[in-house]
Amino acid sequence: MTMSEDVIKEGIASLAKEIACRRTFAIISHPDAGKTTLTEKLLLYGGAIHMAGSVKAKRDQRQATSDWMEMERQRGISVTSSVMQFSYGGCQINLLDTPGHQDFSEDTYRTLVAADSAVMLLDNRKGVEERTRQLFSVCKRRRIPIFTFVNKCDRIGANPLTLLDDIEADLGIVCVPMTWPIVGPTGFVGVYDRRHGMVNLFTGAGDHGASRSAVRSVPLDSSEVRGAVGVVEYDKLCAEIELLDAAVPPFSEESMLAGEMSPMYFGSAISNFGVESFLGDFLRLAPPPTSRQSTKGTVNPDSSEFTGFVFKIQANMDPKHRDRIAFLRICSGTFTVGESVLHVRTGKQIKLSAPQQFMAQERVGIEKAWPGDVIGVLDRGSLRIGDTLSAAGPLEFQDIPRFPPERFARVVPKDPLRRKQLDTGLRELTEEGAAQVFYEDSAIGPAPIVGAVGLLQFDVLQFRLEREYGAPCRFDYISHRYPRWVLGPRSRVIQEAAKRGCMLLYDTKGTPIYLFDDSWKLRSTLQNVNDLVFHEVAP
Ligand code: G4P
């Protein structure tokens, strides 16, 4: 074997090793289910932070340095989604943060495209809630494995058997409890690990979950378990376990990988109970980066050529520098700083500058990154969401989902002399993908209308237009909220809009869209107008 063959072989082996240890996932949940708390505990167990409470502290610190973040602080929410990388048990974890507050944006949905698996976090009293349902449907469409973690078991919640039935009925996925909660007279004392047939009894560290909790693994029929739960509860527990064994199908890794079966865990993020064993199981079962479909066929992660796609762009992350960061999910090969790659949409070779990774919300410069990793690269306005970057020729990844806006508002400038700044701000901020701009005339006219998935986006836009672009404005909401892009002869599009009493707008590419004020009018139009073609998102 020649020297260069040796080097190539070594490179392939190290790429395979890097891929095998990567886990890239997101937590999907409804606000208040405990996502921030669980994230913090995962970072705690991963050694990325030493004391729980740091994520919030960091958040406060960051907010103190940025006016925009001030809004997050006032509202007690996190507007920006980010990614955190840490290592645990020999795995490199990329945890994608999906904002889960009441008003979220397309960004939240799109982040899931970068994930290889998801953890669905549920409140043990509330089960499946609206946001969980919406995010779950995106994961299901992508057929990625979904792990269920039922949180807050330290307080009395719904009967776990009822919860199990409800989740299955609501989401159409088979849930297989891997652990089962054990409640004694003192509350949540542990979980039964069905796979090993052992009971994990928890002992808090006495610091309200700030550090890891101790776990003792004992057999189900041990006197310790009977002592911890009491006779009545012990018999009930045994009956439940028997019922589960009879009624729940056996866990199948294959069905899990196909997104058809969800392994289910019970725990309490706040007291750390069940978190470490969940994390251990999750890392063992969750898939490393797998192949993805492109316009030129399947791209395998272990292909030696680098490929990746942009799933998120965020401008002005650091208000002092007015920078724009494109978040790139690596799909194959090794990313090496300074290498040129093909920007497929423009056909140009570009050098990705200042690549960074995000460790527990700190940015660090990097030299290399591998499939599954998410890196931030400095962008001067040339990258767009969905763009593919490739060292493997002109292929494109196409599974970036788009979602129709749900609310629309007219932008009213407060200072007509700042119109140019307003237009620049609208263009740049909407390129981030959190909102879309429309005009009432096919030529870019005086009255822009903004459409967004979540209401909060309007506040964010308004705030940022004023602070970052010096373009103060007001948003007047309009009652029309059901959009359809329309293709057909221009005169027919105009005639039909007038007949149906819907608003006719144009997007930035000049494609007409109809806005309906009620869903009945929308349905009737779709059923009765056959010579025009309607699209839910921009064609
Ligand atoms: P989110 O990011 O999903 O919105 O939820 P977050 O972690 O902020 O948690 C929402 C609330 O639920 C918090 O209470 C948090 O302490 C609580 N919580 C999280 N995990 C558990 C758990 O395992 N058990 C119990 N009992 N509560 C949990 P809060 O009162 O809103 O805030 P805080 O004052 O505790 O910070």
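Reading the values: rules and limits
- Residues numbered from 1 in each chain as written.
- Predicted model: local features only at pLDDT ≥ 70, side-chain atom pairs only at ≥ 80, totals over all residues.
- Heavy atoms only, no water.
- Helix = DSSP H or I, 4+ residues; strand = E, 2+ residues; numbered from the N terminus.
- Buried < 20%, exposed > 50% of the residue type's maximum accessible area, 1.4 Å probe, protein only.
- Contact = heavy atoms within 4.5 Å.
- Areas by Shrake-Rupley, 256 points an atom, 1.4 Å probe, with all protein chains shown as cover.
- Pairing = 2+ DSSP bridges.
- Axes fitted to C-alpha atoms, helices over the stretch in contact; angles between N-to-C directions.
- Parallel < 35°, antiparallel > 145°, perpendicular 65-115°, else oblique.
- Left-handed = near helix turned anticlockwise from the far one by under 90°.
- Nonpolar A, V, L, I, M, F, W, Y, C, P; charged D, E, K, R; others polar.
- Phe/Tyr/Trp six-rings, centres within 6.5 Å; stacked < 30°, edge-to-face > 60°.
- Near = heavy atom within 4 Å.
- Polar contact = N/O pair within 3.5 Å; in protein donor to acceptor, adjacent residues only side chain to side chain.
- Core = buried A, V, L, I, M, F, W, Y, C linked by side-chain atoms within 4.5 Å.
- Salt bridge = Lys/Arg side-chain N within 4 Å of Asp/Glu carboxyl O.

Peer 1: Whenever I open this one, the overall build of the protein confuses me. Can you help?
Peer 2: Of the regular secondary structure elements, the protein holds 15 helices and 31 strands. Per-residue burial for the protein yields a buried fraction of 53% across its 539 residues. Long-range pairs, those at least 24 residues apart, make up 70% of the contacts in the protein with a sequence separation of at least 6. Entry remark: accessible area of the protein is about 23300 Å², with carbon and sulfur atoms responsible for 52%.

Peer 1: Help me understand the sheet that holds strand 9 (residues 198–203), please; the structure alone is not making it clear to me.
Peer 2: Backbone hydrogen bonds are what pair the strands of a sheet, in a parallel or an antiparallel way. Taking strand neighbours across the sheet as the criterion, the 4 strands line up as 7-8-9-10 in an open arrangement whose pairing is antiparallel. With one partner strand each, in any of the chains shown, strand 7 (179–184) and strand 10 (214–219) form the two edges of the open sheet. In this sheet, neighbouring strand axes are inclined to one another by 30° on average, regardless of whether the strands run parallel or antiparallel. Across 6 bridges, strand 9 lies against strand 10 in antiparallel orientation. Within strand 10, the residue paired with Met198 across the bridge is Pro219. Here helix 9 (residues 231–247) sits on the sheet in contact with strand 7 and strand 8 (187–193), set at roughly 165° to strand 7.

Peer 1: Even after reading the chapter, I still don't get the packing of helix 12 (residues 419–431) against helix 13 (residues 456–469), so can you show me in this structure?
Peer 2: Packed helices, taken two at a time, are described by the angle between their axes plus the distance between the axes. Their axes nearest at 10 Å, the elements helix 12 and helix 13 cross at an angle of 125°. With respect to helix 13, the element helix 12 is oriented oblique. Crossing geometry of helix 12 relative to helix 13 is assigned as right-handed. Between helix 12, through Gln421, Leu422, Gly425, Leu426, Glu428 and Leu429, and helix 13, the contact on the second element is made entirely by Leu461, Arg464, Leu465, Glu468 and Tyr469. Its residues assigned to classes, the contact of helix 12 with helix 13 shows 6 nonpolar, 2 polar and 3 charged.

Peer 1: Looking at this structure, I do not really get the sheet that holds strand 2 (residues 83–88). What am I missing?
Peer 2: Taken in spatial order, the 7 strands line up as 2-3-1-4-5-11-6 in an open sheet, and their pairing is mixed. Either end of the sheet is taken by a strand with one partner, and the two such strands are strand 2 and strand 6 (174–177). Direction aside, the axes of adjacent strands within the sheet are offset by 30° on average. Note: strand 2 against strand 3 (residues 91–96), 6 bridges, orientation antiparallel. Counted as the bridge partner of Ser87 is Gln92 from strand 3. Of the strands in this sheet, strand 4 (117–123), strand 5 (146–151), strand 6 and strand 11 (261–266) are in contact with helix 7 (residues 160–171), which crosses strand 6 at around 155°.

Peer 1: Would you mind showing me how to read the packing of aromatic side chains here?
Peer 2: How two aromatic rings sit relative to each other is given by the distance of their centres and the angle of their planes. For the structure on display, the rule yields 18 aromatic pairs. Note on Phe458 and Phe475: the rings are 5.6 Å apart at their centroids and 70° apart in plane angle, and the pair reads as edge-to-face. You can see Phe458 sitting in helix 13 and its partner Phe475 sitting in strand 27 (residues 473–478), a full 17 residues away along the chain. Classification of Phe458 as buried rests on a relative accessible area of 1%. The exposure class assigned to Phe475 is buried, which follows from its relative accessible area of 10%. Taken together, the ring pairs in this structure connect Phe25, Phe147, Phe149, Tyr265, Phe278 and Phe282 into an aromatic cluster.

Peer 1: Would you mind showing me how to read the site of the ligand here?
Peer 2: Around the ligand, the structure places 15 residues, and the nearest of them are Asp32, Lys35, Thr36, Thr37 and Asp154. Here an oxygen atom of the ligand and a side-chain polar atom of Thr36 are 2.4 Å apart. In isolation the ligand has 710 Å² of accessible area, and contact with the protein removes 64% of it. Of the residues contributing to the shell around the ligand, the split by class is 4 nonpolar, 5 polar and 6 charged.

Peer 1: How should the nonpolar core be read in this particular structure?
Peer 2: In terms of nonpolar packing, the biggest core is built from 107 residues, with Leu42, Phe147, Ile167 and Leu389 touching the most fellow members. With residues up to four places along the chain from it excluded, the contact list for Ile167 reads Met120, Leu122, Val128, Thr148, Gly172, Cys175 and Met264. Of all hydrophobic cores here, the second largest spans 17 residues; its members include Val411, Leu426, Leu429 and Ala435.

Peer 1: Looking at this model, I keep getting lost on the side chain of Asp379. Mind explaining?
Peer 2: Along the chain, the position of Asp379 falls in the loop between strand 22 (374–378) and strand 23 (388–390). At a separation of 3.1 Å, a polar atom in the side chain of Asp379 contacts the main-chain amide nitrogen of Leu383. Beyond its immediate sequence surroundings of up to four residues, Asp379 is in contact with Ile313, Arg324 and Ala326.

Peer 1: Quick question: what am I supposed to make of the pattern of salt bridges here?
Peer 2: If charged atoms from side chains of opposite charge come close, those side chains can pair. Taken as a whole, this structure holds 22 salt bridges when the rule is applied. Among the salt bridges present, the one from Arg195 reaches Asp281, with a minimum N-O distance of 3.2 Å. Note that Arg195 is positioned in the loop between strand 8 and strand 9 and Asp281 in helix 11 (residues 275–285), a separation of 86 residues in sequence. By relative accessible area, which is 42% here, Arg195 ends up partly exposed. A relative accessible area of 12% places Asp281 in the buried class. Between Arg492 and Asp531 there is a salt bridge whose closest N-O contact spans 2.6 Å. Placement of Arg492 in helix 14 (residues 490–500) and of Asp531 in the loop between helix 15 (519–528) and strand 31 (533–535) is noted, with a sequence separation of 39 residues between them. Taken together, the salt bridges that share partners define one network made up of Arg492, Glu496, Lys499, Arg500 and Asp531.

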